[in-house]
Structures are given as C-alpha cells and as structure tokens.
2 protein chains.
Amino acid sequence: MSKHLSDTVEDYLKTIYKLSEDQSRVGTGQIAEILGVSPASVTVMVQRLAAEAPPLLDYTKHKGVALTEEGQRAALEIIRHHRLLELFLHEVLGYSWDQVHAEADRLEHVISEEFEERVAEVLGDPARGLHGEPIPSRSLVMPDNHSSFLLEMRPNQVGRIREVNDDDPGLLRFLESLGIVPGVIFQVLDYSVYDDNLRLKLEGSPKEIVLGASVTSQILVEEAEPEMAG
Amino acid sequence: MSKHLSDTVEDYLKTIYKLSEDQSRVGTGQIAEILGVSPASVTVMVQRLAAEAPPLLDYTKHKGVALTEEGQRAALEIIRHHRLLELFLHEVLGYSWDQVHAEADRLEHVISEEFEERVAEVLGDPARGLHGEPIPSRSLVMPDNHSSFLLEMRPNQVGRIREVNDDDPGLLRFLESLGIVPGVIFQVLDYSVYDDNLRLKLEGSPKEIVLGASVTSQILVEEAEPEMAG
DNA sequence: ACAAATATTTAGATTAATCTAAAATAGTTT
DNA sequence: AAACTATTTTAGATTAATCTAAATATTTGT
C-alpha cells in the first residue's frame, strides 16, 4: 500500500494534522511558519501531495488544505512514533522531560514497524505520552480527547492538567519546576481580562501560581465540575 | 568543528573505511558496487568530499581514495553508532541476531551524541558488538584486531570465532543454527584446494561442519597455537 | 463596493544526489 | 610499442526540496 514518504513529506503531514485539530482547512502560510520554510515552498509541496496517487491532501487554490484518509493515516503513524519514542527515551534511556522532543523528531521518521511494536510492548502499550499527549493506537485511531485550553478556564473552575506542549524545552523545565505536569488537579482563583493572566492553586500545595496567556495556551486541561472551596 | 554530513555522505565514508581495512586505496568501482550506485556517481561524490574544507578524502584521479583524519573520524562515529545500536536492539528490545543490521543502518545517521552515550552506558560501555565487531571507543579509537579470515585457516590449526559479517540475515541464521557465534573455539580438520572448503569441529560438539569459501570469507577468527589432537 | 493590506501562487534558479552515454585513461597482452 | 580491454571520468539530464521576486487572489476597512 502506502509507498515510502520522505522525512520532509512526513513533517508536512504531521504539521497539517496538528493544525487541523483546531480548524477544518489549513492555510499554506501557517504551515510555512511552523516548518520554517517559505510560503512558496509550501504551495509547491501541497500541490504535489494533492496530486499523488492516492492523494494525501485535499487542496483548493487559496482555500487551504485538509488531509485525506490516506494523509491522515500517514500523519497518525508519525505521531504515534513520536509519542512512543518520547516515552521510551525517558523511561528506558533516562532522558529528561524537556530533552526528548528533539531526539524523537529525528527518530520518528526512521524507525520500522518492528521497532514501534517492540517499544510499545516494552512500555506496556501506553495510551498517553510523556507530556500527556494521547497516543494513536496500533491501528491508528486517535483516542478522543475532551480537553480544552487552560487559557479558557475561569475563576472557581476546577480541572486536571491533561497535556503540555512538548516542543519548548525551556517552557517544560519551567512547568516542571512549578509542578505543572499531567494529572495534577488545580483550581482557578483569578482571571485578568487585561492580560489574560490566570492565578491558580495546585492541589496539595498552598502556593499560588500566576501564568500568562503564552503559557496557558500551551496547556490542555480536562474540566471538572466547579466546586465551592472548602 | 565537524559540520553536518548527509546520510549519503556518511554511507560513503563508512564504506570507504571498511574497504580500507584490507587495502590502502579504494577504487571508485568498489564503492559503487557496495553502495549500489553507478561508478559515475561515486566519482562525482569523492571529488566533492576531497574538495570540502577540511577534506574528508584524499583523492587522485584514477588512483582511488583514502580517508583523511577528518573523514576517518566521521566514519568511526557512524560505525560506533551502528555497533552500539545493534547491541542495544538485541539486548533492550529483543531483536534477533539477523534483524538488527537493517534497523541500525537507518538509526545510525540520526541518533545524537546524547543517545549514543546513554546507550553505551545502559550496555556497560561494550568493546565488541553483537556479531563480535570491535566498537570504536567514545574517543573514536578503533581497538586493534588481530584476527584473520577463517578462509585462510588450514588443517590442525585451532582458533576462536571472533566476528561474523552482520549484513546478511540469511547467513546469520545459518551460522547461528550451526553454533558458529563469536567466542566459540574450533579446529580445522580438513581443507580442499579445489573448492576451498573447510571441514571444522567446534569445541564441545562432536559434529563436523563443512563450509565453503563464500561462508568462511565472512568470518574472522583469532588464531591459536596449532595443537596435536589428543 | 472599492482600495489597501495580506496571503497565496507562479516563475525561474539553486543544491544534492543520482542517472546514462560518451570520452579518456590505465593496464594487459601479444 | 601497439592494440585491446576494463575502469574511471566527464558531460549533460533528472528529481526533490528549497529559495527570491513578481504576479495574482482574497480579505478587510471605510
């Protein structure tokens, strides 16, 4: 079936998948921004991927792109590789939270199905990655995720940290130092309309933490029923 | 220092290193043969690598190539990666003897120094690989190897299997089934001038084994003093 | 609804790695 | 030493991925 895709093509598909989580069609400029290439290069590439047999993308001039079934499958394969690798690098080789991403980004294109399966087995077929990301199943189904951005939480709401963006080592070290890791329960104490700052309290710690939008937009949470503070 | 080399360049350097173990200068045709590309492509590539600053190869038209210090260092780095990876895939992920080579051939170009170091640590800084190959040290010194080809052994000589070629899965399964693995001691019983067949007996087994030149040329051994059979 | 601003696409060039076919060199044989 | 053979090199073309600059759409603001 699926013929061999270059690392570059895999990166395009992965990027489009991630952008498609918040929007139905993705603009060429957004892709260019994330991949660090010129918009012109993206246009040429998406035209090519839409013209493949079978097509990996659905593309209409000036209207952006969406993944086809085929393209989505390829994207999920890479994302599964990436998330399994991150966990593996941490659990088996002792990498830290913030180190795993860069290494996984290179290895994800190169490992075989065999490698993927053996790693999954060693790790006990995990459903979530090191930073809380859902891991697509062996058959490439992405578990659905009812999470929302911490950015959108408001005072008195209670939630659980679900997932943090894995691609900024500095941010990861910062969050770890504050105790903001997947699983932790928190309550929003305060919100500022002017700068979108949120003041939070983590369960089990008396300390209060204030986070700006550039941080809270990188964190996904699972909402819980608002509770009255005891 | 060393700028980034493409996977392709790394494969050229690795190939030239291995060929240089038996000869001082390597012909473009030999390289083409092993890499599965045309001789013309090799000529172009070696010219480029000899023109880099610093040069990775020493090249004279029609006289073949040799690695420079710089080129050798790069080759040893890849070879260290390859051999550590093979061992790691076997020990940690449960790959079999014959499966590791193909996977290591892809991963070797992609892992970081960090990965290399952590793997070496997990494995206890091994000096030899899964098939008995010497592993260059962290500082890229190749341990010297006083081995010779099994092909050259003659009746009554006693030796120990040192290393078997890792790149033919079928041959590896065959050798494993016969018990020909690094460390095993054997005696040569018989040699045939006509077809270069060798008849051997492995220590601890009464069975006799006959091997042709296409097999004995893939096996390296350490000679021991000839002994009279007891 | 039109002009200005923004985003996207086209055109043409570049680089790395490869190929085939033709030309040149080296080695061998008589 | 001339001629033949085998190897190596040159020349020119091809493919994937990128770029810059120019052209063209689309969206937005008044």
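Per chain, the residues get numbers from 1 upward, laid out in the order the sequence is written. As a convention, the first chain written is A and the first ligand written is 1, with the rest following in written order. Residues qualify for local features only when their pLDDT is at least 70, as the model is predicted, and side-chain atom pairs are given and counted only at 80 or more; totals for whole chains, interfaces and linings, by contrast, use all residues.

A.B. asks: Is there a simple way to explain the relation of the copies chain B and chain A in this structure?
C.D. replies: Copies of the same chain, two in number, are related to each other by a rotation about an axis and a translation along it. Note on the identical chains: chain B maps onto chain A by a rotation of 180 degrees and an axial translation of 0.0 Å, with an RMSD of 0.0 Å. Considering both components of the superposition, the chain copies are consistent with a two-fold axis. The C-alpha atom lying nearest the rotation axis in chain B is that of Leu 107 of chain B; the distance is 3.6 Å. Both copies share a contact surface, since 100% of the interface residues of chain B are interface residues in chain A too. Alignment of copies: least-squares fit on C-alpha atoms of residues with pLDDT of at least 70 in both copies. The contact rule is simple: place each C-beta atom from the backbone, and if two of them lie within 7 Å, those residues are in contact.

A.B. asks: Mind showing me how you'd approach the protein's contact with DNA strand D here?
C.D. replies: Around DNA strand D there are 20 residues in total, and Ser 6 and Ala 40 of chain A together with Gly 27, Gly 29 and Ala 40 of chain B lie nearest to it. Helix and strand definitions follow DSSP, with helices as H or I runs of at least four residues and strands as E runs of at least two, each counted in order from the N terminus. Breaking the surface near DNA strand D down by element, the ones donating at least two residues are helix H1 (7–20) and helix H3 (39–51) of chain A together with helix H2 (28–35) and helix H3 (39–51) of chain B. Looking at which element gives the most residues to the surface near DNA strand D, the answer is H3 of chain B, with 5 residues. A breakdown of the residues in the surface near DNA strand D according to their chemical character gives 8 nonpolar, 11 polar and 1 charged. Placing the C-beta atom from the backbone, one calls a residue near a molecule or strand if that atom lies within 6 Å of it. Nonpolar residues are Ala, Val, Leu, Ile, Met, Phe, Trp, Tyr, Cys and Pro. Charged residues are Asp, Glu, Lys and Arg, and all others, Gly as well, are polar.

A.B. asks: What exactly am I supposed to notice about the sheet that holds strand S8 (residues 219–224) of chain A here?
C.D. replies: Strand pairing in a sheet relies on backbone hydrogen bonds. The paired strands run either parallel or antiparallel. All names here are of chain A. Spatial ordering of the open sheet is given by S3-S8-S4-S5-S6-S7, a layout of 6 strands whose pairing is antiparallel. Looking at which strands have only one partner, the edges of the open sheet turn out to be strand S3 (148–149) and strand S7 (208–211). Two strands pair under a simple rule: DSSP has to find at least two bridges between them. Relative to S8, S3 is paired through 2 bridges, and the arrangement is antiparallel. Its bridge partner being in S8, Phe 149 is matched across the sheet by Leu 220.

A.B. asks: Before we go on, may I ask you to explain the protein's contact with DNA strand C in this structure?
C.D. replies: Around DNA strand C sit 21 residues in total, of which Gly 27, Gly 29 and Ala 40 of chain A together with Ser 6 and Ala 40 of chain B are the nearest. Considering every element that reaches the surface near DNA strand C, the biggest residue donor is H3 of chain A, with 5 residues. Taken together, the residues of the surface near DNA strand C sort by class into 8 nonpolar, 12 polar and 1 charged.

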